[in-house]
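Working through the structure, step by step
For reference, the chains in residue letters:
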Amino acid sequence: KNIISIEYILPHNEIKTITMHVDKISMSDSTEKIYLNKFKIRKDFDNNDFKRLLLSIKDVGLIHPLTVRKLGNGIYELIDGEQRLHAATSLGIKRVPCITLTSKQNLFALYSLISNVERKQLCAFDEAEGIIELMNTYGLNNIEIAEFLGISVLSLMNKLKILNLNADQRRR
């Protein structure tokens with residue numbers, strides 16, 4: 001099997017690696033069999049970015065494959081590529097390129113969070129909620145999460161403080 005490794009550097013220059021196996025790279029049978037990740041990190045999408053993505057896919061097709069994991073019976077869970085999946089289905093595209101990953105450590109939520117943080121700045125609330133979800137799901141502590149994200153524990157704690165704001169304060 002092919003292996004995909006994500007290396008990231010911690011603030012003190014230590015290199016960490018997440019390793020997953022690539023089961024296959026292929027066209028999906030149907031976009032209807034790809035379900036959103038329950039650890040969906042990004043809640044808000046920029047409408048202009050989505051329109052540009054739609055036009056690009058309409059003009060040249062979907063070039064970057066989605067990243068999925070197989071759940072069984074031909075059903076897949078989306079790990080990375082939610083906007084691309086929504087754009088493809090909006091355009092009536094039924095089959096999309098996918099990279100199917102497996103991991104013994106079940107680190108798909110972590111992969112998804114790192115992928116979103118690296119690609120485009122998450123809304124502070126989405127990032128904080130995603131971090132809490134990772135902590136709860138994997139039983140990770142502040143030090144472990146800070147290391148995965150390559151930030152100090154103090155920075156992590158500051159990111160999480162915004163979750164203490166009430167709805168009125170969040171809208172400001």
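Residues numbered from 1 in each chain as written. Predicted model: local features only at pLDDT ≥ 70, side-chain atom pairs only at ≥ 80, totals over all residues. Heavy atoms only, no water.

Attention shifts here to the overall build of the chain. Scanning the chain for helices and strands turns up seven helices and six strands. In the chain, the succession of helices and strands from N to C terminus is β-β-β-α-β-β-α-β-α-α-α-α-α. Residue burial in the chain is summarised as follows: out of 172 residues, 37% are buried. The contacts in the chain between residues at least 6 apart in sequence include a share of 68% that link residues at least 24 apart. For the chain, the accessible area works out to roughly 10200 Å², and carbon and sulfur atoms hold 51% of it. (Helix = DSSP H or I, 4+ residues; strand = E, 2+ residues; numbered from the N terminus. Buried < 20%, exposed > 50% of the residue type's maximum accessible area, 1.4 Å probe, protein only. Contact = heavy atoms within 4.5 Å. Areas by Shrake-Rupley, 256 points an atom, 1.4 Å probe, with all protein chains shown as cover.)

Even without glycine at this site, N73 takes up a positive phi of about 55°. Within the element layout of this structure, N73 appears in the loop between β4 (66–72) and β5 (75–80).

Another aspect to go through is the packing of helix α4 (residues 124–138) against helix α6 (residues 153–161). Between two packed helices, both the angle of their axes relative to each other and the distance between the axes serve to describe the pair. Taken N-terminus to C-terminus, the directions of α4 and α6 make an angle of 110°; their axes are 8 Å apart at the nearest point. It follows from the interaxial angle that α4 and α6 lie roughly perpendicular. Crossing geometry of α4 relative to α6 is assigned as left-handed. Between α4 and α6, the residues in contact are E127, A128, I131, I132 and M135 and L156, K159 and L160, respectively. Residues belonging to the contact of α4 with α6 are distributed by class as follows: six nonpolar, no polar and two charged. (Axes fitted to C-alpha atoms, helices over the stretch in contact; angles between N-to-C directions. Parallel < 35°, antiparallel > 145°, perpendicular 65-115°, else oblique. Left-handed = near helix turned anticlockwise from the far one by under 90°. Nonpolar A, V, L, I, M, F, W, Y, C, P; charged D, E, K, R; others polar.)

Right, let's get into the pattern of salt bridges. Tallied over the full model, the rule gives three salt bridges. The salt bridge partner of R84 is D80, with a shortest N-O separation of 3.6 Å. Accessibility expressed as a relative area gives 14% for R84, which makes it buried. Residue class for D80 comes out buried when judged on its relative accessible area of 10%. (Salt bridge = Lys/Arg side-chain N within 4 Å of Asp/Glu carboxyl O.)

With that settled, consider the environment of N142. Its location among the elements puts N142 in helix α5 (residues 142–149). Taking the C-alpha atoms as reference points, N142 and S152, separated by ten residues in sequence, lie 9.4 Å from one another. Among residues more than four places away in sequence, those in contact with N142 are M135, V153, L156 and M157.

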